[in-house]
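# Topology and contacts: notes
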Amino acid sequence: MNQQKGNLSIHSENIFPIIKKWLYSDHDIFVRELVSNASDAITKLKKLSTMKEVALDSEESFKIEVRLNEADKTIVFSDNGIGMTDEEIKKYINQIAFSGAEDFLNTYKDKSDKDQIIGHFGLGFYSAFMVAEKVEIHTKSYLPNTDPVLWTCDGGTTFEMETGSREHRGTDITLFIGDEGKSFLNAYTLRQTLDKYCSFMPYEIYLTVEGEEAKEDAEPQEAKPLNTTTPLYMKMPSECTDEDYKDFYQATFKDFKEPLFWIHLNMDYPFNLKGILYFPKLNTEFDTIEGQIKLYNSQVFVADNIKEVIPEFLLLLKGVIDCPDLPLNVSRSFLQNDGFVRKISTYISKKVADKLNGLFKTERESYEGFWEDINPFIKFGTLKDEKFFENVEKSILFKTIQDQYVTLDEYLAEALDKHENKVFYVTDHIQQAQYINLFEAHDLNAVLLEHTIDAPFISMLESKKENLSFARVDSDLNEFFKEAGDAESDAEKTKNEEKLQTLFRDVLENEKLEVKLERMKNNDLSSMIILSEESRRMQDMMRMYGSAGLDPKMFETNGTLILNANHVLVSNLITNETLESSTRDMICAHLYDLAMLSHTQLSPEAMTRFVSRSNLLLTRLIS
Ligand SMILES: Nc1ncnc2c1ncn2[C@@H]1O[C@H](COP(=O)(O)OP(=O)(O)OP(=O)(O)O)[C@@H](O)[C@H]1O
């Protein structure tokens with residue numbers, strides 16, 4: 001066969017159903033598309049006016065009206081924009097996927113910037129057929145001496161066009177709603193949809209409910225626009241007050257808790273991006289963080305929480321981001337591989353880090369005040385995004401057992417002589433109070449790491465920082481807590497230790513129990529458990545991720561029981577030969593339970609035994 005070249009042809013009978021049914025996943029998109037077209041029509045007219053291509057009445061107010069008539073089953077989208085001539089309808093409407101927006105930009109490319117024109121593909125108009133069984137266009141062009149046009153299409157592939165009756169410049173698109181769209185005949189639903197997509201559109205939008213049912217409807221006639229034409233993020237940061245930011249936050253997210261602080265993003269080059277990111281107050285009641293980042297394109301809502309554009313950890317924040325350079329019909333698989341999108345994401349993450357560093361450096365006190373709310377978010381960010389970690393590393397705080405906030409460097413500097421490169425931490429300040437007391441009594445510091453994110457966070461820090469290690473307060477018996485002894489007393493201690501180990505193993509019926517006898521400086525503490533950091537982390541991991549085929553018991557160890565030789569109970573166990581065996585056994589079991597209580601949660605059986613033994617001991621005291 002000879003080599004041939006040609007144009008692919010499309011049969012409208014086949015392609016039309018695809019556009020109507022599958023182009024957009026959400027039915028409500030037609031609202032966004034038709035209001036965007038109306039907005040484009042006004043923008044174009046205004047641009048022509050600035051180019052002196054058309055003279056406009058300076059008094060004229062530009063607006064978009066959405067009129068609902070439930071009885072007639074119609075929704076009209078009406079604008080006083082540029083309008084269309086019959087030639088333009090033939091070109092832009094009858095030819096599917098021929099965009100008048102693109103055409104306009106090409107025609108005026110030297111005189112007009114791309115700003116604010118939303119349309120792009122030349123398909124949006126046809127989304128009307130997702131909900132309508134018939135669509136009419138009543139339009140009149142701004143061009144003098146042109147006739148109005150009435151265009152009608154009942155959803156098939158034919159249309160009718162005739163001279164229309166519209167007197168004023170602009171366009172009315174009337175949708176005769178079919179079964180598939182009947183939910184939009186409800187004023188509340190329609191209003192919600194307009195709110196969702198159009199609340200920041202650049203021209204005033206009014207919703208009017210007409211007809212019989214309107215009187216009974218809860219929605220009164222709209223006297224004021226339902227949108228804000230210049231949302232705060234479009235303004236220069238220097239023009240906005242704290243009150244403005246707070247009001248915008250409350251209105252946009254319906255969250256009446258004040259945000260902690262915010263970041264106003266305002267970038268023109270190399271891409272255009274505007275927005276405000278808010279750090280919300282944590283919902284302490286449920287300890288959850290529910291973020292919401294709304295993505296806009298030229299003031300038209302695109303979607304919530306698009307994690308391909310916004311770094312995943314930032315989705316914990318609340319905010320709006322407007323990026324006109326992103327296509328409206330964002331396909332997520334497209335975004336995932338897009339270098340431009342990655343740049344946006346890097347920019348946002350950098351801005352957040354800059355803000356945090358700025359607050360840390362210049363307003364440390366308030367930054368410390370925010371720390372409880374923002375720390376899970378920052379830690380999550382450092383785990384998800386290496387660059388973010390490098391950027392904010394120096395502004396990460398740790399709360400100490402003395403209720404102070406220190407950086408890692410500050411903590412390590414203070415601890416340099418006592419435990420170089422080692423951070424002691426507490427995961428539950430109530431349960432581990434015993435150990436905290438010990439630390440405080442010996443002038444040692446530890447930090448509180450009580451959130452679930454802290455375990456992976458410290459592992460990450462250890463992997464990044466050579467020699468740095470974290471150890472829970474009960475992972476080792478610090479040398480500071482012990483009294484020094486001479487050789488003779490050490491030999492005696494070892495002998496007693498063996499004796500006590502045998503005794504405790506017998507009483508507790510635990511052949512593996514490790515017992516150590518120590519002369520501790522603190523006489524009040526009788527017993528405690530220590531469990532090496534590695535073993536505990538292994539156990540925690542097994543608990544968290546399940547055993548994955550391994551026997552969890554493999555890693556189970558109860559740690560080492562430390563007995564304080566300087567405590568009267570322990571010294572009695574060693575020296576008192578006349579102690580009744582049942583009393584002695586009870587003391588052993590109790591010393592063990594008391595140590596366990598400060599270290600972990602007792603099992604229900606162990607707790608039951610502990611309580612009944614306590615009662616028994618108290619009863620003996622009385623009798
Ligand atoms: N209300 C209107 N007033 C004037 N022209 C309109 C109006 N609605 C549609 N048009 C014309 O019809 C064209 C096609 O509209 P359509 O919504 O299908 O595509 P688009 O807006 O160009 O791109 P997109 O598919 O991204 O929305 C528009 O570009 C515009 O020229």
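Parameters at a glance
Residues numbered from 1 in each chain as written. Predicted model: local features only at pLDDT ≥ 70, side-chain atom pairs only at ≥ 80, totals over all residues. Heavy atoms only, no water. UniProt positions renumbered as here; feature names shortened; annotations may be inferred. Pairing = 2+ DSSP bridges. Helix = DSSP H or I, 4+ residues; strand = E, 2+ residues; numbered from the N terminus. Contact = heavy atoms within 4.5 Å. Axes fitted to C-alpha atoms, helices over the stretch in contact; angles between N-to-C directions. Phe/Tyr/Trp six-rings, centres within 6.5 Å; stacked < 30°, edge-to-face > 60°. Buried < 20%, exposed > 50% of the residue type's maximum accessible area, 1.4 Å probe, protein only. Parallel < 35°, antiparallel > 145°, perpendicular 65-115°, else oblique. Nonpolar A, V, L, I, M, F, W, Y, C, P; charged D, E, K, R; others polar. Polar contact = N/O pair within 3.5 Å; in protein donor to acceptor, adjacent residues only side chain to side chain. Expected span 1.5 Å × (residues − 1). Arc of directions from axis to C-beta.

For the protein, the name recorded in an unreviewed UniProt entry is Molecular chaperone HtpG, with Fusibacter tunisiensis as its organism. UniProt lists a comment for the protein under the heading Sequence similarities (unreviewed entry), and it reads "Belongs to the heat shock protein 90 family."

## Regarding the sheet that holds strand 17 (residues 469–472)
Spatially, 14-13-16-15-17 is the arrangement adopted by the five strands of the open sheet, whose pairing is mixed. Each having just a single partner strand, strand 14 (405–407) and strand 17 make up the two edges of the open sheet. Two strands pair when backbone bridges link them, and strand 15 (residues 422–426) and strand 17 are joined in this way by four bridges, in the parallel orientation. Residue pairing in the sheet places Val423 in a bridge with Phe470 of strand 17. Contacts from helix 14 (residues 454–464) reach strand 13 (397–400), strand 15 and strand 17, with the element oriented near 145° to strand 17.

## Side note on the packing of aromatic side chains
Going through the model one piece at a time under the given rule, you end up with 31 aromatic pairs. With 6.5 Å between their ring centres and 70° between their planes, Tyr233 and Phe248 make a pair best called edge-to-face. Here Tyr233, found in the loop between helix 6 (212–216) and helix 7 (242–253), pairs with Phe248, found in helix 7; they are 15 residues apart in sequence, far enough to count as distant. Each of the two residues, Tyr233 as well as Phe248, counts as buried. Geometrically, the ring pair formed by Phe398 and Phe470 is tilted, given 6.4 Å between the ring centres and 35° between the ring planes. In this pair, Phe398 is assigned in strand 13 and Phe470 in strand 17, connecting sequence segments 72 residues apart. Among the residues examined, Phe470 registers a relative accessible area of 2% and is labelled buried. Taken together through their ring pairs, the aromatic side chains of Tyr197, Phe200, Tyr233, Phe248, Tyr296 and Phe301 make up a single cluster.

## Some remarks on the sheet that holds strand 1 (residues 63–69)
Spatial strand order, 5-4-3-6-2-1-7: seven strands in an open sheet with mixed pairing. Two strands bound the open sheet, and with one partner strand each, they are strand 5 (160–163) and strand 7 (204–210). Each adjacent strand pair in this sheet contributes to an overall mean axis angle of 15°, direction not counted. Pairing of strand 4 (residues 149–153) with strand 5, which is carried by four bridges, proceeds in the antiparallel orientation. Within strand 5, the position partnered with Leu150 by the bridge is Glu162. Together, strand 1, strand 2 (74–79), strand 6 (170–177) and strand 7 form the strand contacts of helix 2 (residues 29–50), whose direction differs from that of strand 2 by roughly 25°.

## What to know about the packing of helix 15 (residues 487–508) against helix 18 (residues 581–597)
Axis separation between helix 15 and helix 18 bottoms out at 10 Å; the angle between their running directions is 90°. Considered as vectors, helix 15 and helix 18 are oriented roughly perpendicular to each other. Contacts from Leu503, Phe504, Val507 and Leu508 of helix 15 reach helix 18 at Arg584, Asp585, Cys588, Ala589, Leu591 and Tyr592. Grouping the amino acids of the contact of helix 15 with helix 18 by side-chain chemistry returns eight nonpolar, no polar and two charged.

## Digging into unusual backbone geometry
The omega angle of the peptide bond from Tyr269 to Pro270 is 0°, so this bond is cis rather than trans. Mapping Pro270 onto the fold places it in the loop between strand 8 (261–267) and strand 9 (273–279). In the Ramachandran plot, Lys52 falls in the positive-phi region, its phi being about 60° despite a non-glycine side chain. Within the secondary structure, Lys52 is located in the loop between helix 2 and strand 1. Residue Gln299 is not a glycine yet carries a positive backbone phi of 70°.

## Some points on the side chain of Ser349
By the secondary structure assignment, Ser349 is in helix 9 (residues 339–362). Those residues in contact with Ser349, other than ones at most four positions away along the chain, are Pro311, Phe313, Leu314, Asp385 and Phe388.

## Structural notes on the side chain of Asp474
By secondary structure assignment, the location of Asp474 is in the loop between strand 17 and helix 15. In this structure Asp474 comes out as buried when scored by relative accessible area, which is 0%. A distance of 2.8 Å separates the side chain of Asp474 from the side chain of Arg472, its partner in a polar contact. Within the structure, Asp474 has its side chain in polar contact with the side chain of His599 (distance 2.8 Å). Ignoring any residue separated from it by four or fewer positions in sequence, one finds Asp474 in contact with Tyr435, Ile529, Ile530, Leu531 and His599.

## Concerning the environment of Ala415
Structurally, the position occupied by Ala415 is in helix 12 (residues 408–415). When the C-alpha atoms of Ala415 and Leu444 are compared, they prove to be 7.8 Å apart, with 29 residues separating the residues in sequence.

## Things to note about helix 7
Here helix 7 is 12 residues long and its end C-alpha atoms lie 16 Å apart, about the 16 Å a rise of 1.5 Å per residue gives. When helix 7 is considered as a whole, its buried residues turn out to be Tyr245, Lys246, Phe248, Tyr249, Thr252 and Phe253. Projected down its long axis, helix 7 shows its buried positions confined to an angular sector of 160°, all on one face. Packed against the buried residues of helix 7 are strand 8, strand 9, strand 10 (292–297) and strand 12 (318–322). Backbone geometry just after helix 7 places Lys254 at a positive phi near 50°.

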